[in-house]
Protein chains: 2
Amino acid sequence: MRNFLVAQSGGPTSAINSTLVGVLKRAMSDNKIDNVYGAIGGICGLINGEFFDFSKNIKENDFMLLTQTPAAALGSCRLKLDEPEDNPEQFEDIVKKLRAKDINHFVYIGGNDSMDTVNKLSRYLKSQNIDDITVVGAPKTIDNDLIHTDHCPGFGSAAKYIATTIAELERDCSVYDVESTTIVEIMGRDAGWLTAASALSRLAGGRGPSLIYFCERVFDREKFLQDVRNQISNRRNVLIAVSEGMRTADGKCLSEALGLSETDAFGHKQNAGAGRVLEDIVKTEIGCKTRSIELNLMQRASSHIASATDIYEARKVGEKAADCAIKGEGGVMANIVRLDTPDYAVKYSSFPVCEIANHVRSLPDHLINSAGTDVTEEAIKLLAPLIKGEIEAKYENGLPVHKRLF
Amino acid sequence: MRNFLVAQSGGPTSAINSTLVGVLKRAMSDNKIDNVYGAIGGICGLINGEFFDFSKNIKENDFMLLTQTPAAALGSCRLKLDEPEDNPEQFEDIVKKLRAKDINHFVYIGGNDSMDTVNKLSRYLKSQNIDDITVVGAPKTIDNDLIHTDHCPGFGSAAKYIATTIAELERDCSVYDVESTTIVEIMGRDAGWLTAASALSRLAGGRGPSLIYFCERVFDREKFLQDVRNQISNRRNVLIAVSEGMRTADGKCLSEALGLSETDAFGHKQNAGAGRVLEDIVKTEIGCKTRSIELNLMQRASSHIASATDIYEARKVGEKAADCAIKGEGGVMANIVRLDTPDYAVKYSSFPVCEIANHVRSLPDHLINSAGTDVTEEAIKLLAPLIKGEIEAKYENGLPVHKRLF
């Protein structure tokens with residue numbers, strides 16, 4: 001018996017199930033593999049013995065539906081493993097569970113924490129001289145903050161959702177002939193890639209945001225107010241994109257730093273989101289019509305407007321990860337390498353996961369303009385290919401069809 | 001000279017520009033009409049003399065692009081006219097402005113306030129025996145709350161956005177194996193039609209919301225908590241849809257009624273949204289992982305997921321309104337009449353606007369279940385046809401193309 005295991009972890013994206021399909025297609029077509037299992041709820045499913053048997057329970061048509069289904073079809077978890085040196089029992093248990101199902105190949109699809117799991121597991125296996133179990137990572141994160149991959153599957157679809165929505169909101173906010181400010185808070189605690197994607201809204205002729213604030217830059221209240229006043233006098237209806245992770249010079253989140261903690265309905269103090277704080281500042285200091293909008297979970301779940309490029313690449317990354325796992329190339333993460341060609345082109349490769357886990361790639365300086373209020377032309381060129389192409393989704397009764405595994 | 005005027009008013013929708021196209025197509029192809037103008041910024045554009053000359057400035061290709069452009073291409077306003085008896089000067093001025101441009105036909109596209117404008121203008125014209133100027137209304141509102149039309153253009157697209165998004169969020173919220181509550185606040189201060197549309201998320205196999213709370217029903221804190229507890233023990237991940245206009249028995253909004261006014265970042269008291277209040281109640285009383293999401297302006301601006309049925313009907317309603325205006329049938333609103341046929345079919349007609357203006361159609365009792373926490377099967381049957389069909393939008397660089405008139 002030679003079995004294969006796949007699991008998904010971390011926050012869902014619109015592309016993570018496409019990576020799952022890539023993994024399954026590669027593994028299920030390999031005649032050296034007997035059964036392909038999914039662990040339900042990430043690594044916890046493996047530990048708790050909850051499996052989905054793909055070899056028995058999936059039909060060809062399901063693959064197509066899975067690629068258009070948001071969130072993690074196998075469920076997810078947020079368990080961070082201990083250090084193998086500190087808690088070898090945890091790892092012995094995992095190996096026992098893998099042995100019990102005759103699993104020799106394990107692909108873990110996820111973000112930074114999941115790559116940490118792949119790294120620790122691989123390290124433990126090596127330390128025990130176990131060479132017939134291979135663990136490989138497949139990246140996914142809308143935040144695009146993993147290093148050693150040109151970009152992350154999931155990011156392109158979130159970026160396309162954000163660019164499309166910003167373009168639509170910009171039209172909506174410009175219909176009234178009164179001064180107004182609309183603030184859109186975009187996900188990203190430590191990396192402003194998604195916030196940068198708001199600028200892609202200009203690619204079909206739209207004006208895009210008037211101002212963009214990145215978590216890579218320090219927030220300055222007075223400069224912000226001056227920026228907004230300049231924009232209002234210039235174009236009347238001002239649209240602002242802001243990273244949720246925006247901080248002041250002392251590293252505090254806006255709500256905390258500005259002494260503006262919000263009191264919730266029950267009198268509990270809690271930190272207001274960055275968009276809400278900016279809304280309050282504009283309302284109080286400028287006084288024009290102001291609204292803040294949080295794009296919230298829709299950023300990672302709006303698979304109906306997924307990027308065809310992203311969905312395709314996500315699948316290829318999954319195939320590559322399964323390929324590495326089957327060939328015994330453990331301790332790596334499958335990655336995307338952009339080729340140095342005039343037109344956008346990539347290849348799929350792999351990179352040692354020990355050099356990836358627990359690092360964060362933020363938006364580099366050269367992609368943010370000198371005023372810190374917009375992206376550079378280079379950023380647009382870099383990101384534009386990732387949102388290209390529309391998926392041809394199957395609809396039923398006016399709704400995109402999702403595949404539910406269990 | 002015999003000219004035609006069109007204008008848009010009130011909150012934007014994904015379908016209002018399709019109605020504009022219907023009006024333009026009908027008016028511009030009529031050989032009795034010389035010029036077709038648009039007033040920029042609703043009735044204010046007429047009063048201030050700001051016009052867009054469609055006869056000179058629009059190409060065939062623009063019509064197609066307009067139907068996929070969200071928000072009001074001609075701009076909007078929120079001016080409510082005085083009573084003609086109280087302020088005849090305001091009406092004299094408007095007639096003077098119409099005469100100055102040789103306008104004999106005026107179609108006003110909008111919601112309840114705009115129908116009030118159509119009504120007052122028509123009444124004034126009649127009182128002055130002016131019979132060579134005809135004013136006609138064309139309905140639009142995502143709220144679906146106008147009476148004497150089966151439904152309103154704009155509603156179907158907003159409903160499709162809501163149903164699609166709820167289906168996606170339901171997938172997203174079910175990936176973790178921990179008890180959680182996700183509350184989605186949906187637009188609608190006085191009518192729960194859009195909130196009802198959340199149930200349409202079940203039409204492609206999804207589970208839909210666990211609980212739906214309508215502004216047509218009184219909010220009871222203890223019953224709500226019991227509902228949520230029952231659902232959590234039943235399906236663990238609970239998704240709740242709630243109308244923004246939800247009120248308690250004394251008619252107060254939740255935040256006010258429950259003594260839960262929120263303090264903003266600057267210490268100003270303000271009413272929290274219904275979703276936010278429910279989030280606070282669940283967090284405090286039940287304590288599970290809880291999040292509230294506001295679908296905000298995306299409900300009316302997400303033209304990329306517009307309903308093809310809605311976009312088609314919106315255009316036909318525009319054609320009908322222009323037809324009435326050209327034929328001298330003033331003081332009416334073009335409307336949609338559902339035919340009593342086994343399959344969904346409608347005809348386009350018109351109805352005296354004096355009987356429509358300033359009435360609100362809320363969700364009738366038979367569309368809400370007896371527990372007040374879901375819709376009935378009849379509601380699903382009634383609303384399902386309105387979200388059917390996907391538009392074939394033109395994309396450029398991965399984004400839907402919008403048409404900007406000026």
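Residues numbered from 1 in each chain as written. Chains lettered and ligands numbered in written order. Predicted model: local features only at pLDDT ≥ 70, side-chain atom pairs only at ≥ 80, totals over all residues. Heavy atoms only, no water.

**With respect to the environment of A:Ile232**
All names here are of chain A.
No. 1: Structurally, the position occupied by isoleucine 232 is in helix 9 (residues 221-235).
No. 2: Taking relative accessible area as the criterion, isoleucine 232 reaches 7% and is therefore assigned buried.
No. 3: Between the alpha carbons of isoleucine 232 and serine 180 there is a distance of 7.6 Å; along the sequence they are 52 residues apart.
No. 4: In this structure isoleucine 232 touches Glu179, Thr181, Val238, Ile286 and Cys288, once residues within four positions along its chain are discounted. (Helix = DSSP H or I, 4+ residues; strand = E, 2+ residues; numbered from the N terminus. Buried < 20%, exposed > 50% of the residue type's maximum accessible area, 1.4 Å probe, protein only. Contact = heavy atoms within 4.5 Å.)

**Notes on the interface of chain A and chain B**
No. 1: Counting residues at the interface gives 75 residues for chain A, matched by 75 residues for chain B.
No. 2: Between chain A and chain B, roughly 6200 Å² of surface is buried when both sides are summed, and carbon and sulfur atoms account for 56% of that area.
No. 3: Per-residue buried area on chain A facing chain B is highest for A:Glu168, A:Arg171 and A:Arg404; these three make up 12% of the total on that side.
No. 4: The partner of B:Arg404 in a salt bridge is A:Glu170, and the shortest N-O contact between them spans 3.3 Å.
No. 5: The interface formed by chain A and chain B contains 23 residue pairs in polar contact (both at pLDDT 80 or more).
No. 6: Among the secondary structure elements, those contributing two or more residues to the side of chain A that touches chain B are helix 7 (155-173), strand 11 (262-263), helix 11 (274-285), strand 13 (289-294), helix 12 (298-301), strand 16 (395-396) and strand 17 (399-400) of chain A.
No. 7: Taken together, the residues of the side of chain A that touches chain B sort by class into 31 nonpolar, 24 polar and 20 charged. (Buried area = accessible area lost by both parts, 1.4 Å probe. Salt bridge = Lys/Arg side-chain N within 4 Å of Asp/Glu carboxyl O. Polar contact = N/O pair within 3.5 Å; in protein donor to acceptor, adjacent residues only side chain to side chain. Nonpolar A, V, L, I, M, F, W, Y, C, P; charged D, E, K, R; others polar.)

**What about the sheet that holds strand 13 of chain A?**
Residues and elements named next belong to chain A.
No. 1: Spatially, the four strands line up as an open sheet ordered 7-9-6-13, and their pairing is parallel. Looking at strand neighbours, the two that pair on one side only are strand 7 (211-213) and strand 13, the edges of this open sheet. Averaged over neighbouring strand pairs, the angle between their axes works out to 15° when direction is ignored. (Pairing = 2+ DSSP bridges. Axes fitted to C-alpha atoms, helices over the stretch in contact; angles between N-to-C directions.)

**Some words on the relation of the copies chain A and chain B**
No. 1: You can overlay chain A on chain B at an RMSD of 0.0 Å; the transform is a turn of 180° with a shift of 0.0 Å along its axis. On the angle and the small slide along the axis, the relation comes out as a two-fold axis.
No. 2: Both copies share a contact surface, since 100% of the interface residues of chain A are interface residues in chain B too. (Least-squares fit on C-alpha atoms with pLDDT ≥ 70 in both.)

**Notes on the pairing of strand 2 (residues 36-39) of chain A**
All names here are of chain A.
No. 1: Neither face of strand 2 is left uncovered, since the one carrying Val36 and Gly38 and the one carrying Tyr37 and Ala39 both have all their residues buried.
No. 2: The pairing of strand 1 (residues 3-8) with strand 2 spans three bridges and is parallel. Each residue of the ladder has a partner; that of valine 6, found in strand 2, is glycine 38.
No. 3: Read as a crossover between parallel neighbours, the route from strand 1 over helix 1 (residues 16-28) to strand 2 is right-handed.
No. 4: Here strand 2 pairs with strand 3 (residues 51-53) via three bridges, running antiparallel. Residue pairing in the sheet places alanine 39 in a bridge with phenylalanine 51 of strand 3. (Right-handed = clockwise from strand over helix to strand, strands pointing away.)

**Details of the packing of helix 9 (residues 221-235) of chain B against helix 11 (residues 274-285) of chain B**
Residues and elements named next belong to chain B.
No. 1: Packing of helix 9 against helix 11 leaves a shortest axis separation of 11 Å and a crossing angle of 65°. By the angle class used here, helix 9 and helix 11 are roughly perpendicular. In the crossing of helix 9 with helix 11, the sense of the turn from one axis to the other is right-handed. Taken together, the residues of helix 11 that come into contact with helix 9 (itself represented by Arg221, Phe224, Leu225 and Arg229) are Leu278, Ile281, Val282 and Glu285.
No. 2: Grouping the amino acids of the contact of helix 9 with helix 11 by side-chain chemistry returns five nonpolar, no polar and three charged. (Parallel < 35°, antiparallel > 145°, perpendicular 65-115°, else oblique. Left-handed = near helix turned anticlockwise from the far one by under 90°.)

**What about the sheet that holds strand 15 (residues 346-352) of chain A?**
Residue and element names in this part refer to chain A.
No. 1: Pairing is mixed in the open sheet, where seven strands are placed in the order 3-2-1-4-5-14-15. Edge positions in the sheet fall to strand 3 and strand 15, since each has one partner strand and no second. Within this sheet the neighbouring strands show an average axis-to-axis angle of 30°, counted without direction.
No. 2: Of the pairings in the sheet, the one linking strand 4 (residues 103-110) to strand 5 (residues 134-139) comprises six bridges and is parallel in character. Paired with tyrosine 108 across the bridge in strand 5 is glycine 137.
No. 3: On the sheet, helix 1 packs against strand 1, strand 2, strand 4 and strand 5 and is oriented at approximately 175° with respect to strand 1.

**Digging into unusual backbone geometry**
No. 1: Its identity is not glycine, yet A:Ala71 carries a phi of approximately 70°, on the positive side.
No. 2: Along the chain, the position of A:Ala71 falls in the loop between helix 4 (60-67) and helix 5 (88-100).
No. 3: What makes A:Ala71 buried here is its relative accessible area of 0%.
No. 4: One non-glycine residue with positive phi stands out, namely B:His148, at about 60°.
No. 5: Mapped onto the elements, B:His148 comes out in the loop between strand 5 (134-139) and helix 7 (155-173).

**A closer look at the layout of surface pockets**
No. 1: Its boundaries defined by the atoms lining it, the second largest pocket holds a volume of some 640 Å³.
No. 2: Lining the second largest pocket are 30 residues, with A:Ser174, A:Val175, A:Tyr176, A:Asp177 and A:Asn237 sitting closest to its centre.
No. 3: Contributing elements (two or more residues each) for the lining of the second largest pocket: helix 7 and strand 9 (237-243) of chain A together with helix 2 (43-48) of chain B. (1 Å grid on protein atoms, 1.4 Å probe; cavity = no way out; pocket = protein on both sides within 12 Å on 5 of 7 lines; lining within 4 Å. Points joined across faces, edges and corners; volume = space filled by probe spheres on them.)

**Looking at helix 7 of chain A**
In an α-helix there are 3.6 residues to a turn, and that puts residues three or four apart on one side.
No. 1: Taking 1.5 Å as the rise per residue, helix 7 of chain A with 19 residues should run 27 Å; its terminal C-alpha atoms sit 26 Å apart, in good agreement.
No. 2: Among the 19 residues of helix 7 of chain A, 19 are classified as buried, and the element is accordingly described as predominantly covered. (Expected span 1.5 Å × (residues − 1).)

**Some remarks on the side chain of B:Thr309**
No. 1: Tracing the sequence through the fold places B:Thr309 in helix 13 (residues 308-326).
No. 2: Residue classification places B:Thr309 among the buried residues on the basis of a relative accessible area of 17%.

**A few points about empty space enclosed by the protein**
No. 1: This model, assessed by the stated rule, comprises one cavity of 30 Å³ or more.
No. 2: Its volume calculated, the largest cavity comes out at about 30 Å³.
No. 3: Considering only residue class, the lining of the largest cavity consists of four nonpolar, two polar and two charged.

**Digging into the environment of A:Gly245**
Residues and elements named next belong to chain A.
No. 1: Looking at where glycine 245 falls in the secondary structure, it is placed in the loop between strand 9 and strand 10 (247-248).
No. 2: Residue classification places glycine 245 among the buried residues on the basis of a relative accessible area of 6%.
No. 3: Linking glycine 245 and alanine 306, residues 61 residues apart in sequence, is a C-alpha distance of 24 Å.
No. 4: Not counting residues within four places of it along the chain, the set of residues in contact with glycine 245 comprises Gly188, Arg189 and Cys215.

**Examining the packing of aromatic side chains**
No. 1: Taken as a whole and judged by the stated rule, the model has 16 aromatic pairs over all chains.
No. 2: For the ring pair B:Phe219 and B:Phe224, a centre distance of 5.4 Å and an interplane angle of 50° mean the geometry is tilted. Like B:Phe219, the residue B:Phe224 is buried in the burial classification.
No. 3: Taken together, the aromatic side chains of A:Phe52, A:Phe54 and A:Phe406 make up a single cluster linked through ring pairs.
No. 4: For A:Lys101, the ring lying beneath its charged end belongs to A:Tyr37, and the centroid distance is 4.3 Å. (Phe/Tyr/Trp six-rings, centres within 6.5 Å; stacked < 30°, edge-to-face > 60°. Lys NZ or Arg CZ within 6 Å of the ring centre and 35° of its normal.)

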